[in-house]
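# Coordinates in review
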Amino acid sequence: LAGQMSETMRKLQGSDKLTEKNVESSVKEVRRALLDADVNLKVVNSLIKDVKARALGEKVLEGVKPGQQFIKIIYDELARIMGSEATPLARKDASAESPTVILLAGLQGAGKTTAAAKLALYCKSEAKPRRVLLCACDVYRPAAIEQLKTLGASIDTEVFAMGTDVEPERIAREAISYAKKNKFDTVIVDTAGRQVIDTKLMAELKRVKNSVTPDEILLVVDAMTGQEAANLTRAFNDAVGITGAILTKLDGDTRGGAALSVKQVSGRPIKFVGVGEKVEKLEPFYPERMASRILGMGDVLSFVEKAQEQMDEAEARRLTQKMVEAKFDFEDFVKQTEMITKMGSLGGMMKMIPGMAGISDAQLTAAERQLKLARSLINSMTRSERRNPDLLIKDRTARSRLQRIAAGSGRSSKDASQLISDFQRMRTMMARMGKTMMDGGPGAAAP
Ligand code: GDP
Ligand code: MG
């Protein structure tokens, strides 16, 4: 009955299912967030349209607002689009005749040379370390070769270079033979870039590609490229067919919408992200993390996620109703504390709920401490006492029962009577919290 009542309330409020209306403000918010993150406008529109088509009519999770749930669905979709897990870097079998060849491409300043050194260090630090040779194919700027040599020396990695007078495709080819002779199993080829996409650069890249048939062609993209990332990816992918990308300079405050463009346009995964100038600042790409960064609504996401993971829907509904009606018993109390423990701290949990701001830290800390003490005492209660707290409150046997419970749990009877008054107080407090939750706080939209 309690469950039905809560359901009815939600129906009356129109918040039991996702509707055009109750997700409206969240849709606007998500749109703004994605555009702020430099996600391509077309991508934003089609994403929102797709997600809405699928999500409207979906049942709203207990304890979650429709707008929050919508944001979570968008997030899941973002993570799904960008790939469900980190994709490993190509590596040939140990028995292979020739080394694994990784070719880096991208505009000037994107971070190719830095990424070459970072990848080399990464490969050398793998569980089965690789023997890496770096290859300097940027023949337009002597400084570029020096840069790679300096980086190589700093990570104790040999750099194959032939100066600036040799064609890059020949340098690459000779680097492979050198690697074969000297038992290097991986060759990372750094190439030249231009400030803008041009046909000469693309033609050169094609020649390098054809001369060494790389196992991996990674497009190095500056995360700050923003909207342009889509065109850039298309140009490089059409010219040489990339196998993946490295998104650099994510240590800046850019939100990283470029990641989505690269994936959408090429269908290829982001394999790594650069998070600093130093050679160790390379990380595998995690789609979930990036989705969360692009959306920038981490609090809502973790709240909905936790709710999804931990809340048995029917159970939560029953408990909420009991909280509201102050019919909460000691068994509920234990279940509730278990849920809270699973969901992290009571404070952390409550703070994520919009409209809960009015609850002070002191109140939350006190409640948390009571939960712990209470649990030990409740362990000593009989089943009927747990289910009927009045036996310990109003009944004429209450006093002796409390003495027995106190003795059984190794606490004083003062602790036990304290529990009872705390419990009564908490029941009232929960009823108030529960009401706030069910009234939905300020509007149905996420913050
Ligand atoms: P290239 O022209 O594509 O070879 O680019 P470089 O590797 O020479 O890098 C250009 C500049 O960007 C250099 O100053 C690098 O130190 C810097 N850089 C590269 N990757 C990152 C990164 O992940 N984070 C930051 N903050 N700077 C980076
Ligand atoms: Mg360079």
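Residues numbered from 1 in each chain as written. Chains lettered and ligands numbered in written order. Predicted model: local features only at pLDDT ≥ 70, side-chain atom pairs only at ≥ 80, totals over all residues.

As recorded in an unreviewed UniProt entry, the protein chain goes by signal-recognition-particle GTPase and comes from Porphyridium purpureum. Per UniProt, the comment on the protein chain under Catalytic activity (unreviewed entry) is "GTP + H2O = GDP + phosphate + H(+)". Per UniProt, the protein chain carries the Sequence similarities (unreviewed entry) text "Belongs to the GTP-binding SRP family. SRP54 subfamily." (UniProt positions renumbered as here; feature names shortened; annotations may be inferred.)

### What about the site of ligand 1?
As a structural note, the neighbourhood of ligand 1 is formed by 18 residues, with Gly111, Lys112, Thr113, Thr114 and Gly274 the closest of them. Residues belonging to the shell around ligand 1 are distributed by class as follows: three nonpolar, 10 polar and five charged. (Near = placed C-beta within 6 Å. Nonpolar A, V, L, I, M, F, W, Y, C, P; charged D, E, K, R; others polar.)

### Observations regarding the UniProt feature "domain: SRP54-type proteins GTP-binding" (unreviewed entry) in the protein chain
Mapped onto this numbering, the UniProt entry gives "domain: SRP54-type proteins GTP-binding" (unreviewed entry) at residues 269-282. This span, residues 269-282, is 0% helix and 43% strand, and a straight line between its end C-alpha atoms measures 16 Å. (Helix = DSSP H or I, 4+ residues; strand = E, 2+ residues; numbered from the N terminus.)

### Description of the nonpolar core
Core analysis: the largest hydrophobic core is formed by 96 residues, its most contacted members being Leu134, Cys135, Val187, Ile188, Val189, Val221 and Leu247. With eight residues, helix H5 (residues 112-124) is the single largest residue contributor to this core. Here this core gathers at least three residues from each of two domains, domain 1 (1-86) and domain 2 (100-285). Residues within four places of Val187 in sequence aside, it is in contact with Pro99, Val101, Leu133, Cys135, Ala175, Ile176 and Ala179. With 12 residues, the next largest nonpolar core counts Phe328, Phe333, Leu377 and Ala416 among its residues. (Core = buried A, V, L, I, M, F, W, Y, C linked by C-beta atoms within 7 Å. Buried ≥ 20, exposed ≤ 12 C-beta atoms within 10 Å, placed from the backbone. Domains from an automatic or database assignment. Contact = placed C-beta atoms within 7 Å.)

### Let's talk about unusual backbone geometry
Residues other than glycine seldom take positive phi values, yet Lys183 does so here, at roughly 60°. Structurally, Lys183 is set in the loop between helix H7 (168-181) and strand S4 (186-191). Positive phi outside glycine occurs at Lys249, with the angle close to 60°. Tracing the chain through its elements places Lys249 in the loop between strand S6 (244-248) and helix H10 (257-266). The class for Lys249 is buried, based on 22 C-beta atoms found within 10 Å.

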